[in-house]
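Spelled out from the first residue to the last, the chains are:
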Amino acid sequence: MHRLCTFLLTALCLVAASASHAQPYPSRPVTIVVPYPAGGPTDTLARILAERMKQDLGQPLVVENVSGAGGSIGVGRVATAAADGYTVGIGHVQTHVLNAATMHLSYDVVNDFAPVSLVADTPIWIISRKDLPANDLAGFIAWLKASDGKANHGTVGVGGPTDIAGLLFQKATGTKFQTVPYRGGAPLLTDLLAGHIDFAFGQAATYLGQVRAGQLKAFAVLSPKRWWAAPEVPTLDELGVPNIHATFWHGIWVPKGTPPEAIAKLHAAIVAALADPAVQQRFRDVGQEVWPKEEQNAAALAARQKAEMARWAPIITEAGIKVQ
């Protein structure tokens, strides 16, 4: 009798395990890890996507904010998560390119992740507190020189694209200013609006609403052509400071080893979300532009990451940037 009970119990466990494995993906909520605080541009994108992706996945997507260390803590959370499709990470050029060149990371930004898709893109621009005594780039540069290195700018993490843009700008214009690091774009924006810092090289999407409302000034955009969301703001190239170009492109990754069928379903839900006119409008309302459909795939994201690593590595080495 004891052997029979043992046999039946074992058989029931095997049946239960088999049934569990046979459940279609996803059978429970999926977590999207945002490596920055709530309220910033990366968080906003994640929440818009999560809301729409639920329709295709049939399960809620829960946004988890894990901020700090230039986004590296949140990305590390994804790197060590179970590769089962239930943990997804959203990141960008800083978290999955620049941090690898400036930090001692516990993970590999390429080999510990599987790319899923490019999502959105927004440029970097120079914005300041509204009472800064300059109304154009020439006046801003003159003010910086008169400040004799005492002016300060906010940046999301040392060694990120906004920090590097600031270094390149100083070199190109012969100016000097201090750097104040922040955990994310939301707290930086709060201090900029309050006048606690003077200016920032920031994701344009973060500050668009405040610039439109006259709460902040925008002096120039760091892209080859003017930004569609604020065409009145000139490029640095137009104003005589050429070749300082930087954007914040966002992508979606999962832990390496995630089942292909789970990645395929996540990718299909992302593509469906990005094709939704309502999602596209919500992205544009916050200054984000959806990548063309032919770029919404793993290969395009991997290629973008590789190209950006090749581009920024020599710049970082020359600047001597290293975050301890």
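Residues numbered from 1 in each chain as written. Predicted model: local features only at pLDDT ≥ 70, side-chain atom pairs only at ≥ 80, totals over all residues. Heavy atoms only, no water.

This part is about the pairing of strand 2 (residues 61-65). Note: strand 1 (residues 30-34) against strand 2, five bridges, orientation parallel. Considered in strand 2, the bridge of Val 33 is made with Glu 64. Between the parallel elements strand 1 and strand 2, the chain passes through helix 2 (residues 41-57) in a crossover that is right-handed. (Pairing = 2+ DSSP bridges. Helix = DSSP H or I, 4+ residues; strand = E, 2+ residues; numbered from the N terminus. Right-handed = clockwise from strand over helix to strand, strands pointing away.)

We now examine the side chain of Gln 59. Mapped onto the fold, Gln 59 is located in the loop between helix 2 and strand 2. Side-chain polar atoms of Gln 59 contact the backbone oxygen of Ser 27, separated by 3.5 Å. (Polar contact = N/O pair within 3.5 Å; in protein donor to acceptor, adjacent residues only side chain to side chain.)

Here we come to the confidence of the model for the protein. Averaged over every residue, the pLDDT of the protein is 92; the share at 70 or more is 93%. Segment residues 15-20: pLDDT under 50, and zero contacts once partners within four positions in sequence are set aside and those in other chains are kept. (pLDDT = per-residue confidence, 0-100. Contact = heavy atoms within 4.5 Å.)

Side chains three or four residues apart in an α-helix point the same way, a direct result of the helix having 3.6 residues per turn. Over its 17 residues, helix 2 runs 24 Å from end to end, which matches the ideal 24 Å to within 8%, given 1.5 Å per residue. When the local axis directions of helix 2 are compared, the greatest deviation, roughly 30 degrees, occurs at Glu 51. Those residues of helix 2 that sit buried are Pro 41, Thr 42, Asp 43, Leu 45, Ala 46, Ile 48, Leu 49, Ala 50, Arg 52, Met 53 and Leu 57. (Expected span 1.5 Å × (residues − 1). Bend = angle between axes of the 7 residues up to and from the residue. Buried < 20%, exposed > 50% of the residue type's maximum accessible area, 1.4 Å probe, protein only.)

On to the environment of Trp 312, then. Secondary-structure assignment places Trp 312 in helix 11 (residues 298-319). Between the C-alpha atoms of Trp 312 and Ile 263, which are 49 residues apart in sequence, the distance is 29 Å. Once residues within four sequence positions are removed from consideration, Trp 312 is found in contact with Val 93, Val 97, Leu 98, Ile 164, Leu 168, His 245 and Ala 246.

This part takes up the pairing of strand 6 (residues 178-182). Where strand 5 (residues 152-156) lies against strand 6, five bridges are found, and the strand directions are parallel. Residue pairing across strands places Asn 152 opposite Gln 178, the latter belonging to strand 6. At this point the chain moves from strand 5, through helix 6 (residues 161-173), to the parallel strand 6, and the crossover so formed is right-handed.

Moving on, we get to the pattern of salt bridges. All told, the structure shown has eleven salt bridges when counted by the stated rule. When the shortest N-O distance is used, the salt bridge between Asp 276 and Arg 52 registers 2.7 Å. In this pair, Asp 276 is assigned in the loop between helix 9 (260-275) and helix 10 (277-285) and Arg 52 in helix 2, connecting sequence segments 224 residues apart. Comparing Asp 276 with Arg 52, the two get one shared label, buried. One salt bridge in this structure joins Arg 129 and Asp 198, with 2.9 Å as the shortest N-O distance. With Arg 129 in strand 4 (residues 113-129) and Asp 198 in the loop between helix 7 (185-194) and strand 7 (199-203), this pair connects stretches of sequence that are 69 residues apart. The same class applies to Arg 129 as to Asp 198, namely buried. (Salt bridge = Lys/Arg side-chain N within 4 Å of Asp/Glu carboxyl O.)

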